[in-house]
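Residue strings, one per chain:
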Amino acid sequence: MLNIYRSMPNCSNCYKTLDEGLNFCPYCGARVSHSGDKLCPSCNQIFNEYDGSFCGRCGSRLIVYEREQSTNGQHVINSVDDLIATINSFIPKIDSKADSISKEELLSFGNINNDRRYEIFYIPKKRRKYRMISSPTPRLKLILRCLNEIIYQHFAPAGYVTGFVRNLSIVDNGRIHVGQRYVYTIDLANFFESVTPDMIIPYLCKAPYNLNPEVADIVAKISCVKNRRKNSIGLSQGSPLSPVLSNIVCADLDKKLNGLASLYRAKYSRYADDITFSSSNNLYLQVNDFEKRIIEAVESSNFKINYNKIHLCGPQSRHYVTGIVTNSKVNVPREYISNIRNLLYIWSRYGVKEAYKRFDVWYKKYRKGKPTPFIGDFLRGKIEYLGAVRGKNDPIYKKFKNCLESLSQINFKTFYERPKRMKVSFNLSEPLVKYGRTYYTAETRYRGELVLISPKLNAYIESGVDYSPARVLATNCVVYKIFDKDGVKLLMTTEN
């Protein structure tokens, strides 16, 4: 059972409740962990006054044992009613205005044949393939976020797991393999769809989660969805709970592959479905059984390898790990920096109109079917990513940042926060007729641009009520279209 509040210390080996003041467990003889100690969730090693974050025996990420005082609101999840009580205790932390859930509502969402739980749509991939995205309904999304927080309290991934882990990114994944002569990357096929409820339930029933089988069944099925095209059931791509569940299911696979890497003196990391090995020697020859043992470990864990995405980078080539260059340090490709430099030069030399015109041609050529964003937003994202990889003190990042600030005449920090709220000056007295529809205009911080407020607000504005609520509604709505100063070229829109 999963204890949210602990009133007594537990043995880290047999998980039995112990009396106060004991240093060793009377049932199994293991050392008892006390508040403030660091525990390894994989090998149950206890570290006292240890500054490290990873276990020295198996490399797993350590968790801090914190014993809280008992309360009248103690929640122990060993039944469906306890699960509902625990979820309702987390709802105010996520959405203070949301209502509590009922047992009937939870069981309805736990019915995998309920087609109204998720909104299914498909997005195109390369090679004329499609990826199924399952977006949960707002109510189900709230429940999934609560379950994610509950499980994450006891989730302690190993140090070689960097995907779907808080405060870690692809940069941390690439940093593990810096300076290696050979980098070998493979990809797991249909990663989320391969994780079925039957794979999730046994892991949730084991330590440190120790859920009741009935509760584990509901948690597993509430996060899975049917793929009617393939006649299969797997984790939903779009659920807040899917990332942590996928990492939990991959725990045994990670141990196998990390042990194999240690045997061959290589380094291992996994970022979601991207698996990377790096070494000083070429272990990936056909005469070597290293690759064969990798395939056996993956298939024994009920996953499949996408053989079209297997890459080996040698000493004379550029090493890519989840898009990060890792030859001598974590870096971005040279073409990435050249692209930013060229766009900034065109903007400064010929003005924003000519820069956007050329950028529009380039973007449509390489991003077919996607609307062209405003060039300032595109550059801001590129420069921020550059700073995340190379560091905020990098001279190239600072140079590009200052250049964009001078060109757009917008403070970079404010510009970065722009998507949260459009800071515009609304003119509700002079509507503009365009495409046969009436829009109310607003002037943005970008010079010479117009924001056309969605016609959905027209009825509210023209109803004769005070304009102040209309201004607030229009600002928070963030449903807009941005044209150039002639009202011809669509620069940016939130409407599909």
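For every chain, the first residue of the written sequence is number 1, and numbering continues from 1 along that sequence. Two thresholds apply to this predicted model, a pLDDT of at least 70 for residue-level local features and 80 or more for giving and counting side-chain atom pairs, whereas whole-chain, interface and lining totals are computed over all residues. Just so you know, side-chain values use all the structure's heavy atoms and leave hydrogens and water out.

Remarks on the pattern of salt bridges
Then, number 1: In what follows, salt bridge is the name for a side-chain nitrogen of Lys or Arg lying within 4 Å of a carboxyl oxygen of Asp or Glu. Tallying each qualifying case throughout the model produces 13 salt bridges.
Then, number 2: Salt-bridge contacts for Asp 115 lead to Arg 228; the nearest nitrogen and oxygen are separated by 2.8 Å. Linking Asp 115 in the loop between α2 (103–109) and β6 (118–124) with Arg 228 in the loop between β9 (224–227) and β10 (232–235), this pair joins segments that are 113 residues apart in sequence.
Then, number 3: Relative accessible area decides the class of each residue, using a 1.4 Å probe on protein chains only: under 20% of the type maximum gives buried, over 50% gives exposed, and in between gives partly exposed. You can call Asp 115 exposed: its relative accessible area is 52%.
Then, number 4: Of the charged contacts, one joins Arg 270 and Asp 254 as a salt bridge, the two residues approaching to 2.8 Å between their closest N and O atoms. Taken together, the positions of Arg 270 in strand β11 (residues 267–271) and Asp 254 in helix α9 (residues 251–263) put the pair 16 residues apart, joining distant regions of the chain. To qualify as a helix, a DSSP run of H or I must reach at least 4 residues; to qualify as a strand, a run of E must reach at least 2; elements of each kind are numbered from the N terminus.

Digging into the sheet that holds strand β8 (residues 182–187)
Then, number 1: Across the sheet, which stays open at both edges, the four strands sit in the order β11-β12-β8-β13 with antiparallel pairing between neighbours. The open sheet terminates on both sides in strands that have one partner only, identified here as β11 and β13 (311–313). Averaged over all neighbouring strand pairs, the angle between strand axes comes to 15 degrees, with direction disregarded.
Then, number 2: When DSSP finds two or more bridges between two strands, those strands count as paired. Taken together, the six bridges between β8 and strand β12 (residues 274–279) define a ladder with antiparallel strand orientation. Across the sheet, residue Ile 186 finds its bridge partner in β12, namely Ile 275.
Then, number 3: Relative to β11, α9 is tilted by about 155 degrees, and along the sheet it contacts β11 and β12. Helix axes use the C-alpha atoms of the stretch in contact, all axes being lines fitted to C-alpha atoms, and the angles between their N-to-C directions lie in the range 0 to 180 degrees. Note on contacts: a residue pair qualifies if any of its non-hydrogen atoms lie within 4.5 Å across the two residues.

Quick word on the side chain of Arg 270
Then, number 1: Here Arg 270 falls in the buried class, since its relative accessible area comes to 0%.
Then, number 2: A 3.5 Å cut-off defines polar contacts: any pair of N or O atoms within that distance qualifies, except that in protein one atom must be a possible hydrogen donor and the other a possible acceptor, and neighbouring residues in sequence count only when both atoms are side-chain atoms. In this structure the side chain of Arg 270 is engaged in a polar contact, spanning 2.9 Å, whose partner is the backbone oxygen of Ala 272.
Then, number 3: Not counting residues within four places of it along the chain, the set of residues in contact with Arg 270 comprises Tyr 160, Val 161, Thr 162, Gly 163, Asn 173, Phe 191, Asn 247, Cys 250, Asp 254 and Ile 275.

A word on the packing of aromatic side chains
Then, number 1: Aromatic contacts are taken between Phe, Tyr and Trp rings whose centres are within 6.5 Å, Trp giving its six-membered ring; a plane angle under 30 degrees counts as stacked, one over 60 as edge-to-face, and the others as tilted. One pass over the structure, following the stated rule, counts 19 aromatic pairs.
Then, number 2: Residues Tyr 336 and Tyr 385 carry aromatic rings whose centres are separated by 5.6 Å and whose planes lie at 55 degrees to one another, so their mutual orientation is tilted. With Tyr 336 in helix α11 (residues 334–350) and Tyr 385 in helix α13 (residues 375–390), this residue pair connects regions lying 49 residues apart in the sequence.
Then, number 3: Members of the aromatic cluster, connected to one another through ring pairs, are Tyr 160, Tyr 184, Tyr 264, Tyr 268, Phe 277, Tyr 284 and Phe 290.
Then, number 4: We call a charge positioned over a ring when the NZ of a Lys or the CZ of an Arg lies within 6 Å of the ring centre and within 35 degrees of the ring normal. Positioned over the ring face of Tyr 203 is Lys 206, at 4.7 Å from the centre of the ring.

Looking at the environment of Phe 359
Then, number 1: Inspection of the secondary structure assignment puts Phe 359 in helix α12 (residues 352–366).
Then, number 2: Sequence separation between Phe 359 and Ile 375 is 16 residues; the distance between their C-alpha atoms is 7.1 Å.
Then, number 3: Setting aside residues no more than four positions away along its own chain, Phe 359 makes contact with Leu 343, Thr 372, Pro 373, Ile 375 and Phe 378.

Considerations on the environment of Ala 261
Then, number 1: Assignment of secondary structure puts Ala 261 in helix α9.
Then, number 2: Relative accessible area serves as the criterion here: at 0%, Ala 261 is assigned to the buried category.
Then, number 3: Sequence separation between Ala 261 and Phe 290 is 29 residues, and the spatial gap between their C-alpha atoms is 8.9 Å.
Then, number 4: Not counting the four nearest positions on each side in its chain, Ala 261 is found in contact with Ala 266, Lys 267, Tyr 268 and Phe 277.

Here we look at the packing of α13 against helix α14 (residues 395–408)
Then, number 1: Interhelical geometry of α13 versus α14 gives an angle of 160 degrees and a closest axis separation of 9 Å. For the element pair α13 / α14, the angle class is roughly antiparallel. In this structure, α13 meets α14 at a crossing whose hand is left-handed. Contacts between α13 and α14 involve Gly 376, Leu 379, Arg 380, Ile 383, Glu 384, Leu 386, Gly 387 and Arg 390 on the former and, on the latter, Ile 396, Tyr 397, Phe 400, Lys 401 and Leu 404. Roughly parallel means an angle under 35 degrees; roughly antiparallel means over 145; roughly perpendicular covers 65 to 115; every other angle is labelled oblique. Each helix crossing is assigned a hand: it is left-handed if the near helix lies turned anticlockwise from the far helix by less than a right angle, otherwise right-handed if that turn is clockwise.

Comments concerning the pairing of β6
Then, number 1: Summarising the sheet, β6 and strand β7 (residues 130–136) pair through seven bridges and their orientation is antiparallel. Paired with Ile 120 across the strands is Ser 134, a residue of β7.
Then, number 2: Linkage of β6 to β7, two consecutive antiparallel strands, is achieved through a turn of five residues, within which Arg 127 is found at a positive phi near 60 degrees.

Some thoughts on a nonpolar patch on the surface
Then, number 1: Like charges are joined within 9 Å and nonpolar side chains (Val, Leu, Ile, Met, Phe, Trp, Tyr) within 5 Å, but only among residues with over 30% relative accessible area and no salt bridge; these make up the patches. Per-residue and other accessible areas were derived by the Shrake-Rupley procedure at a 1.4 Å probe size, with only the shown protein chains allowed to occlude residues. A surface patch of nonpolar side chains, about 290 Å² in accessible area, is lined by Ile 120, Tyr 122 and Tyr 130.
Then, number 2: Relative to the helices and strands, Tyr 122 is located in strand β6.

Here's the deal with the pairing of β11
Then, number 1: Of the pairings in the sheet, the one linking β11 to β12 comprises five bridges and is antiparallel in character. For Tyr 268, the partnering residue across the bridge sits in β12 and is Phe 277.
Then, number 2: Between β11 and β12, which pair antiparallel and follow one another directly, the connecting turn spans two residues, one of which, Ala 272, has a positive phi of 60 degrees.

A closer look at the nonpolar core
Then, number 1: Side-chain atoms within 4.5 Å are what join buried Ala, Val, Leu, Ile, Met, Phe, Trp, Tyr and Cys residues into a set we call a nonpolar core. Ranked by size, the top nonpolar core spans 74 residues in total, and within it Ile 87, Leu 106, Phe 277 and Phe 303 carry the most contacts.
Then, number 2: Looking at this core, the element that brings in the most residues is helix α3 (residues 138–152), giving nine residues.
Then, number 3: Beyond its immediate sequence surroundings of up to four residues, Leu 106 is in contact with Val 80, Leu 83, Ile 84, Ile 87, Ile 101, Ile 143, Ile 218 and Ile 222.
Then, number 4: Core analysis: the next-biggest nonpolar cluster, separate from the first, contains 25 residues, Leu 344, Ile 383, Leu 386 and Val 389 among them.

Quick look at unusual backbone geometry
Then, number 1: Of note in this structure, Asn 210 is not a glycine but carries a positive phi near 50 degrees.
Then, number 2: Mapping Asn 210 onto the fold places it in the loop between α6 (197–205) and α7 (213–222).

What to know about helix α10 (residues 290–300)
Then, number 1: Residues of α10 that are buried include every one of Phe 290, Ile 294, Ile 295, Ala 297 and Val 298, and no others. Buried positions in α10, seen along its axis, are confined to an arc of 165 degrees and lie on one side of it.
Then, number 2: Looking at the buried side of α10, the elements it contacts are β8, α9 and β12.
Then, number 3: Looking one or two places after α10, you find Asn 302, whose phi comes out positive at around 65 degrees. Directions drawn from the helix axis to the C-beta atoms are what define this arc.

Here we look at the confidence of the model for the protein
Then, number 1: Within the protein, residue pLDDT values average 79, and 71% of them lie at 70 or more.
Then, number 2: A score from 0 to 100, pLDDT tells how confident the predictor is in each residue. Across the protein, the element-wise mean pLDDT spans from 42 in strand β1 (residues 2–3) up to 96 in strand β15 (residues 324–325).
Then, number 3: Here residues 1–7 is a poorly scored stretch, pLDDT under 50, and it has 37 contacts once near neighbours within four places are set aside; other chains count.

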